[in-house]
Amino acid sequence: MTDKFVKFSLKGDPSWTVKQRCAECVKGGNLVKTVIIAVCVGVLIQQLSVCIRKLIHIPITTYTHFDFNKTIYYPSLTFCREPPYKYDKLLDYGLYSHPRYTSTWASFNFSDIVLDELWEEITYNENDIFVQYGLYNLKDNVKIKPKMQFVMGRCYTLSPNILNTDAAKATGYSITLQHSAADIETSTSVYPPGYHVHVHYTREPFTEVEVYNGGLVDYLYVNVGETIDVKLKVDEYVKISSDDELCTNEDYYSANVCTEEYVWKKVIEQVGCSGPWMDCDVSRCDNYTSMRNLISAYLKLYAQHDCEICPRFCRSLLYNAYVADRQSSYTWDPADKKWLSNAGALQTQLNLYFNSMMVSVYEERYNYDWNLFLSDLGGSIGFLLGLSVVGLLEILEKTWQLFIRPHIQDFRKKKTSIDSSATADIDTLQKNREFLQKYIDWNTKNVEN
């Protein structure tokens, strides 16, 4: 009874050492409990480290949902004619084929002909391409802008001026394009006469330069004499900028323009001069050798380059074009056994429209925050150690009473003891000084006597 009482008294004694308390944890049945608790604490630390890493490097998850809009914004359409250059004008300037073939420049008169004027002459203007165009039945709902290219000649981009509130064929784009009989007879292209149609986001102007991440462009080819109905679908992408994949929301920025200017700069650095399709202040090439080098360098880089400095938009739209109906202006005559052309054989009709106001949204979101961290923390501590906030407070209280406060009290006692010893030493020294002073005074008096 006495031993138990002494043992109990020692347990309640704050001066009981940490070593003695630890020893009690590994005796008898406490050993199994201690091992289990140690394993749970180890697992808890591992889980907490994972959660902390998530807070530092927050994971990103892509969510998909569908929005039904009240208004919808049509894409921009860029039309590039095929063939891209006027064959008769090329012959007038001594160029017998597409300018990409460097041999055609061998006899070109660089001293008398300005390249910018040449490109204006040999490429097609707006009236050569369009018969009519409009959005929601009105031409004023569309703005048109030319864009000079090298491989594709002068292209034209139609962009909407309005937001549409209806999704129907009658409210979409209606465009009539044309060719001439000479185009059919003198075409030297690998493509049959027609039009390259590029469907793209209005904030990303078209360029023939290959753009990282695709440049948000859909594409279809329209032959001469066809009537095509195209249904449009739009996907919205919302991206979070990161160190690995940068994106931007800056106004007046374009990844296509940035990439195109990057390629121009690289080509000009190699050659030392520019071409008429390049919008820059560098002087144009003025001899056969420099023009040949310019064309060779451009054709090598425009489709295969290493540009990684042009981030895309954090929020962008990708339009998808699906051909719903395609008819040709040529019919088969069984009597004569040959194809006959209709009256509009040299014209091409293109109708592009939305048939739904639904938008598919692919949105990146952060998948971890402080709320989830606290949930993981509470779940791990509760499951592995069976603790709650109240239990944690009790553990902190016990830790203070049994471990921290005794050490603080011992430290204070030692400090008090040291201060007392120092005070005693000072008193003794003072007394010795007084005795020494009295002794010196006594000797002085004896010497005088």
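Small disclaimer: the values here were computed from a predicted structure and weren't measured.

Points about the side chain of Thr348
Moving on, step 1. Looking at the element boundaries, Thr348 is found in strand β15 (residues 347–354).
Moving on, step 2. Here Asn223 takes part through its backbone oxygen, which lies 3.3 Å from a polar atom of the side chain of Thr348.
Moving on, step 3. Filtering out sequence-adjacent residues up to four positions away, Thr348 remains in contact with Ile175, Thr176, Leu177, Val222, Asn223, Val224, Gly225 and Glu226.

Overview of the nonpolar core
Soluble, globular proteins show a tendency: their nonpolar side chains are buried together.
Moving on, step 1. Ranked by size, the top nonpolar core spans 73 residues in total, and within it Phe79, Trp105, Trp119, Trp277, Met291 and Tyr298 carry the most contacts.
Moving on, step 2. If near-sequence neighbours (up to four positions away) are discounted, Met291 is found in contact with Trp105, Phe110, Leu115, Trp119, Trp277 and Cys285.

Overview of the packing of aromatic side chains
Moving on, step 1. Applying the stated rule across the entire model yields 22 aromatic pairs.
Moving on, step 2. Where Phe130 meets Tyr156, the ring centres are 6.1 Å apart and the plane angle is 85°; that geometry is what we call edge-to-face. Pair noted here: Phe130 is in strand β3 (residues 130–135) and Tyr156 is in strand β5 (residues 154–160), with a separation of 26 residues, a long-range link.
Moving on, step 3. Taking relative accessible area as the criterion, Phe130 reaches 8% and is therefore assigned buried.
Moving on, step 4. By relative accessible area, Tyr156 is classed as buried at 4%.
Moving on, step 5. Joined through ring pairs, the aromatic side chains of Tyr85, Trp105, Phe108, Phe110, Trp119, Phe150, Trp277, Tyr298 and Tyr302 make up one cluster.

Observations regarding the state of the cysteines
Moving on, step 1. All told, the structure shown has 4 disulfides when counted by the stated rule.
Moving on, step 2. Disulfide pairing is shown between Cys247 and Cys314; the S-S distance is 2.0 Å. Across the disulfide from Cys247 to Cys314, rotation about the S-S bond amounts to roughly 90°, and the bridge is consequently right-handed. Linking Cys247 in strand β10 (residues 247–248) with Cys314 in the loop between β11 (312–313) and β12 (315–328), this pair joins segments that are 67 residues apart in sequence. The same class applies to Cys247 and to Cys314, which are both buried.
Moving on, step 3. Counting only the cysteines that form disulfides, in the order they appear in the protein chain, gives the pairing 1-2, 3-8, 4-7, 5-6.
Moving on, step 4. Cysteine Cys307 shares no disulfide, and the gap to the nearest cysteine sulfur, in Cys310, comes to 3.6 Å.
Moving on, step 5. In this structure Cys307 comes out as buried when scored by relative accessible area, which is 6%.

Remarks on the sheet that holds strand β4 (residues 142–148)
Moving on, step 1. Reading across the sheet, the 5 strands line up as β4-β5-β2-β7-β8 and stay open at both edges, with antiparallel pairing between neighbours. Looking at the sheet topology across the chains shown, the edges are occupied by β4 and β8 (217–223). Pairs of neighbouring strands in the sheet enclose a mean axial angle of 20°, with direction left out of account.
Moving on, step 2. Relative to β5, β4 is paired through 7 bridges, and the arrangement is antiparallel.

Section: the confidence of the model for the protein chain
Moving on, step 1. Per-chain confidence: the protein chain averages 83 in pLDDT, with 80% of residues scoring 70 or above.
Moving on, step 2. Highest mean pLDDT in the protein chain belongs to β5 (96); lowest belongs to helix α1 (residues 2–12) (45).

Some remarks on the side chain of Ser254
Moving on, step 1. For Ser254, the position within the fold is in the loop between β10 and α8 (255–271).
Moving on, step 2. Residue classification places Ser254 among the buried positions, given a relative accessible area of 9%.
Moving on, step 3. Among the polar contacts made by the side chain of Ser254, one reaches the side chain of Glu204 at a distance of 2.6 Å.
Moving on, step 4. In this structure the side chain of Ser254 is engaged in a polar contact, spanning 3.2 Å, whose partner is the backbone nitrogen of Asn256.
Moving on, step 5. Residues within four places of Ser254 in sequence aside, it is in contact with Arg203, Glu204, Pro205 and Phe313.

Describing helix α9 (residues 288–301)
An α-helix turns once every 3.6 residues. As a result, residues three or four positions apart point the same way.
Moving on, step 1. When the terminal C-alpha atoms of α9 are compared, their 20 Å separation across 14 residues agrees well with the 20 Å that a helix rising 1.5 Å per residue should span.
Moving on, step 2. Among all positions of α9, only Ser290, Met291, Leu294, Ile295, Ala297, Tyr298 and Leu301 are buried. Axial view of α9: buried residues confined to an arc of 170°, hence all on one face.
Moving on, step 3. For α9, the secondary structure elements touched by its buried residues are α5 (115–122) and α8.

Some details on the pairing of β15
Moving on, step 1. Within β15, 7 of the 8 residues are buried, leaving the element largely enclosed by the surrounding structure.
Moving on, step 2. Of the pairings in the sheet, the one linking strand β6 (residues 173–178) to β15 comprises 6 bridges and is antiparallel in character. The residue of β15 that forms the bridge with Tyr173 is Leu352.
Moving on, step 3. As judged from the 6 bridges shared by strand β9 (residues 226–238) and β15, these two strands associate in the parallel manner. Within β15, the residue paired with Asp229 across the bridge is Asn351.

Some details on unusual backbone geometry
Moving on, step 1. The step from Glu82 to Pro83 runs through a cis peptide bond, and the omega angle for that step is 5°.
Moving on, step 2. Note that Pro83 resides in the loop between β2 (76–82) and α4 (87–92).
Moving on, step 3. Backbone geometry places Tyr136, a non-glycine residue, at a positive phi of 60°.
Moving on, step 4. In this structure Tyr136 comes out as partly exposed when scored by relative accessible area, which is 29%.
Moving on, step 5. For Asn137, which is not glycine, the phi torsion reads 70° and is therefore positive.
Moving on, step 6. Looking at the element boundaries, Asn137 is found in the loop between β3 and β4.
Moving on, step 7. Taking relative accessible area as the criterion, Asn137 reaches 64% and is therefore assigned exposed.

How each quantity is defined
Residues numbered from 1 in each chain as written. Predicted model: local features only at pLDDT ≥ 70, side-chain atom pairs only at ≥ 80, totals over all residues. Heavy atoms only, no water. Helix = DSSP H or I, 4+ residues; strand = E, 2+ residues; numbered from the N terminus. Polar contact = N/O pair within 3.5 Å; in protein donor to acceptor, adjacent residues only side chain to side chain. Contact = heavy atoms within 4.5 Å. Core = buried A, V, L, I, M, F, W, Y, C linked by side-chain atoms within 4.5 Å. Buried < 20%, exposed > 50% of the residue type's maximum accessible area, 1.4 Å probe, protein only. Phe/Tyr/Trp six-rings, centres within 6.5 Å; stacked < 30°, edge-to-face > 60°. Disulfide = S-S within 2.5 Å. Pairing = 2+ DSSP bridges. Axes fitted to C-alpha atoms, helices over the stretch in contact; angles between N-to-C directions. pLDDT = per-residue confidence, 0-100. Expected span 1.5 Å × (residues − 1). Arc of directions from axis to C-beta.

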